[in-house]
Amino acid sequence: MASRASAALASLILATATLAEEKSTGRALDSDDNRLATLVATAPELPADARLELAGMIVEAALIAYEQELETVREDLQREGGDPERLTRWYRATAPLVAGLRAAQAQIPVARHLNLHADRQGQVLLLIDGEALWMSWPRPSAQRRLERELVEAFCQRHDCPGRDRADSGERRAGTPAVPDAPLTGQWALAQHAAPAWTTTAGVRCEFSELAGRAEKEAVCRALIGELETLVTALRRALRRGEQIEWPHVRIAHALPAGESALVVNAGRDYLAVVTPHLIREPVDWSEIQHWLQARVEGRPALATVRRAVEP
């Protein structure tokens, strides 16, 4: 049952990695302290029913991901101009894996022995009545997001052991954060200067005109939330010993799964973050770098992170 599924899974890991995805010249750094492998490593501390639920959620998430991928392949096969032979091979290789995951899903509730393990590379292993099932995802680019969502869903239902209580005020790097203190601000109006909203977070946002102030304040608040997301990700990276070179810190390009690459050094090592406003708005990265460094180091700073754009 599961052993056949795991064999098929192993054969797919390299194949799926060849799918077209955004590449970076640097390393992809782990920006999430609460990833699935960390949770699985604490599985022996969980009650038996929680371990059972976690195993079921892992298999269900992988099954949904592969079924969605199969549906995408079916749609691609119907379009002209594709590579039908390659897509057909992928479809035929993946279909047995989906069947194996379905069999594992049915076996988990009645299993006499169920264990979860994570190796040093973060790959998750399920042992279901002695049968090994190595877990993976159809697209490596989406793995971080899928595992993060899975962990979030599980830990909302259970008191997850091993979570960093000292960081309870920090949110995961993929989710916009909100400053701990209530965020307030005021408009600064001066002759021959762009209207600006200056906030208690030390962030100043310029606009080309004053009309629609509520919407403009909302934009600035969203930018601050995303900047706090970067603060959380950078602090965690520093704690893990990663090299942060502030003049090189910036959003470089989009990644699959709706994330963006936050480059952190000259080697273009990056953290995956979700920052749609920092991508869309006319932000000043030299000012942002200054603010981020001060914020990460616990110092106050004032920075004009958004510049006015002439209509």
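Residues numbered from 1 in each chain as written. Predicted model: local features only at pLDDT ≥ 70, side-chain atom pairs only at ≥ 80, totals over all residues. Heavy atoms only, no water.

Visitor: Even after reading the chapter, I still don't get the nonpolar core, so can you show me in this structure?
Guide: Side chains that are nonpolar tend, in soluble globular proteins, to be buried together. Counting residues in hydrophobic clusters, the biggest one holds 39 residues, and the most contacted among them are Leu54, Ile58, Leu101, Leu116, Leu126, Met135 and Phe154. Where this core is concerned, the elements lending two or more residues are helix H2 (36-41), helix H3 (48-78), helix H4 (84-107), strand E2 (114-118), strand E3 (124-128) and helix H5 (140-157). Ranked by residues supplied to this core, first place goes to H3 with 12 residues. Not counting the four nearest positions on each side in its chain, Phe154 is found in contact with Leu39, Leu46, Ala50, Leu54, Met57 and Cys160. Formed by 36 residues, the second largest nonpolar core is a distinct cluster that contains Ala201, Leu227, Val264 and Ala294. (Core = buried A, V, L, I, M, F, W, Y, C linked by side-chain atoms within 4.5 Å. Buried < 20%, exposed > 50% of the residue type's maximum accessible area, 1.4 Å probe, protein only. Helix = DSSP H or I, 4+ residues; strand = E, 2+ residues; numbered from the N terminus. Contact = heavy atoms within 4.5 Å.)

Visitor: How do you make sense of the pattern of salt bridges when you look at a structure like this?
Guide: Note on pairing: side chains with opposite charge can pair once their charged atoms come close. The tally for this structure, following the rule as stated, stands at 10 salt bridges. The shortest N-O distance in the salt bridge between Glu53 and Arg157 comes to 2.5 Å. Highlighted residues: Glu53 in helix H3 and Arg157 in helix H5, separated in sequence by 104 residues. Residue class for Glu53 comes out partly exposed when judged on its relative accessible area of 22%. By relative accessible area, Arg157 is classed as exposed at 59%. Across the pair Arg307 and Glu206 runs a salt bridge, and its minimum N-O distance is 3.7 Å. Note that Arg307 is positioned in the segment after strand E11 (303-306) and Glu206 in strand E7 (residues 203-206), a separation of 101 residues in sequence. (Salt bridge = Lys/Arg side-chain N within 4 Å of Asp/Glu carboxyl O.)

Visitor: I keep staring at the sheet that holds E7 and nothing clicks. Help me out?
Guide: Taking strand neighbours across the sheet as the criterion, the 4 strands line up as E5-E6-E7-E11 in an open arrangement whose pairing is mixed. The sheet is open, and its two borders are formed by strand E5 (185-188) and E11, each paired with just one other strand. Looking at each pair of strands side by side, their axes are set apart by 30 degrees on average, direction ignored. In the sheet, E7 pairs with E11 via 3 bridges, with the strands oriented parallel. Across the sheet, the residue bridging to Val203 is Ala303, located in E11. Helix H8 (residues 285-296) rests against E7 and E11 of the sheet, and its axis sits at about 130 degrees to E11. (Pairing = 2+ DSSP bridges. Axes fitted to C-alpha atoms, helices over the stretch in contact; angles between N-to-C directions.)

Visitor: Is there a simple way to think about the state of the cysteines in this case?
Guide: Joining two cysteines, a disulfide is a covalent bond between their sulfur atoms. This structure, assessed with the given rule, holds 1 disulfide. Here Cys205 pairs with Cys220 through a disulfide, and the sulfurs are 2.0 Å apart. On the sign convention where negative is left-handed, the bridge of Cys205 and Cys220, at about 75 degrees about the S-S bond, is right-handed. Remark: Cys220 occurs in helix H6 (residues 213-239) and Cys205 occurs in strand E7; sequence separation between them is 15 residues. The residues Cys205 and Cys220 share a single accessibility class, namely buried. (Disulfide = S-S within 2.5 Å.)

Visitor: Just to check I follow, could you spell out the environment of Leu52 for this structure?
Guide: Checked against the element boundaries, Leu52 lands in helix H3. Looking at Leu52, the relative accessible area reads 32%, which means it is partly exposed. In this structure Leu52 touches Ile108, Pro109 and Leu114, once residues within four positions along its chain are discounted.

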